[in-house]
Amino acid sequence: MASPSDPLNRDPVRKPNKGPPFKFLVPLIYAPVLPLIRLSLRHRPVLRDRLFTAVLAGAFAHGFYLVTDIYDIESK
């Protein structure tokens, strides 16, 4: 059995993150877009509803991706 101080059993050295985690900053983009879609496309209701639904579906998909990524990391 290998000891914890065994040099062959160590994890590779990781680079420190130098930037913000962009996957967590995406809601700052689509959150203000949703009310703008509703207000700016008031006179085109079909386009407004389709675009709003598409952006909202993308927001839920992004949230689902983030949650499953967190659960995947915790399960390891």
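K.L.:
Hey, could you run me through the overall build of the chain in this one?
P.N.:
The secondary structure content of the chain amounts to three helices and zero strands. Shown N-terminal to C-terminal, the secondary structure of the chain runs as helices and strands in the order α-α-α. The buried share of the chain, taken over its 76 residues, is 11%. Total accessible area on the chain stands at roughly 7000 Å², and carbon and sulfur atoms take up 66% of it.

K.L.:
So what exactly am I meant to see when it comes to the pattern of salt bridges here?
P.N.:
A side chain of one charge can pair with a side chain of the opposite charge if their charged atoms are brought near each other. Enumeration according to the criterion identifies two salt bridges in this entry. Of the charged contacts, one joins Asp49 and Arg38 as a salt bridge, the two residues approaching to 3.4 Å between their closest N and O atoms. Pair noted here: Asp49 is in helix H3 (residues 45–75) and Arg38 is in helix H2 (residues 27–40), with a separation of 11 residues, a long-range link. Here Arg38 falls in the partly exposed class, since its relative accessible area comes to 39%. Among the salt bridges present, the one from Asp49 reaches Arg48, with a minimum N-O distance of 3.3 Å. Residue Asp49 is classed as partly exposed on the basis of its relative accessible area of 35%. According to the relative accessible area criterion, Arg48 is buried, its value standing at 17%.

K.L.:
Quick question: what am I supposed to make of the packing of aromatic side chains here?
P.N.:
The description of an aromatic ring pair uses the distance of the two centres, along with the angle that the planes make with each other. This structure, assessed with the given rule, holds zero aromatic pairs. Stacked on the ring of Phe52, the Lys or Arg Arg38 has its end atom at 4.9 Å from the ring centre.

K.L.:
I would appreciate a short explanation of the side chain of Arg48 in the present structure.
P.N.:
For Arg48, the location among the structural elements is in helix H3. In this structure, Arg48 is in contact with Ile37, Arg38, Leu41 and Arg42, ignoring residues within four places of it in sequence.

K.L.:
Please explain the UniProt feature "transmembrane region" (unreviewed entry) in the chain as it appears in this structure.
P.N.:
Those places that UniProt annotates as "transmembrane region" (unreviewed entry) correspond, in this numbering, to residues 20–39 and 51–71. Along residues 20–39, the helical share is 85% and the strand share 0%, with 31 Å between the first and last C-alpha atoms. Across residues 51–71, the secondary structure splits into 100% helix and 0% strand, with the terminal C-alpha atoms separated by 30 Å.

K.L.:
Could you clarify how one ought to interpret the confidence of the model for the chain in this entry?
P.N.:
Do not read the fine detail of predicted coordinates wherever pLDDT is low. Mean pLDDT over the chain stands at 82; residues scoring 70 or higher make up 76%. Across the chain, the secondary-structure element scoring lowest on mean pLDDT is helix H1 (residues 22–25), at 84, and the one scoring highest is H2, at 92.

Each value, and the rule that gives it
Along every chain, residues carry numbers that run from 1 in the direction the sequence is written. It should be noted that, the model being predicted, local features are given only for residues of pLDDT at least 70 and side-chain atom pairs only at 80 or more, the latter also being counted only at that level, while totals for whole chains, interfaces and linings use all residues. As a convention, hydrogens and water are excluded, and side-chain values are obtained from all of the structure's heavy atoms. Numbering of helices and strands runs from the N terminus; a helix is a DSSP stretch of H or I covering at least four residues, while a strand is a stretch of E covering at least two. Each residue's exposure class comes from its accessible area (1.4 Å probe, protein chains only) as a fraction of the maximum for that residue type: buried when under 20%, exposed when over 50%, partly exposed otherwise. The Shrake-Rupley method, run with a 1.4 Å probe, gives the accessible areas here. Residue values count only the displayed protein chains as cover. When a carboxyl oxygen of Asp or Glu is within 4 Å of a side-chain nitrogen of Lys or Arg, the pair counts as a salt bridge. Only the six-membered ring of Trp is used, alongside the rings of Phe and Tyr, when aromatic pairs are assigned; centres must lie within 6.5 Å, and planes under 30 degrees apart are stacked while those over 60 apart are edge-to-face, with the rest tilted. Comment: the charge-over-ring label is applied if NZ (Lys) or CZ (Arg) is within 6 Å of the ring centre and within 35 degrees of the ring normal. In this description, contact between two residues means that some pair of their heavy atoms is separated by no more than 4.5 Å. UniProt positions are given in the numbering used here, feature names are shortened, and annotations may be inferred rather than shown by experiment. Values of pLDDT, which run from 0 to 100, indicate the predictor's confidence residue by residue.

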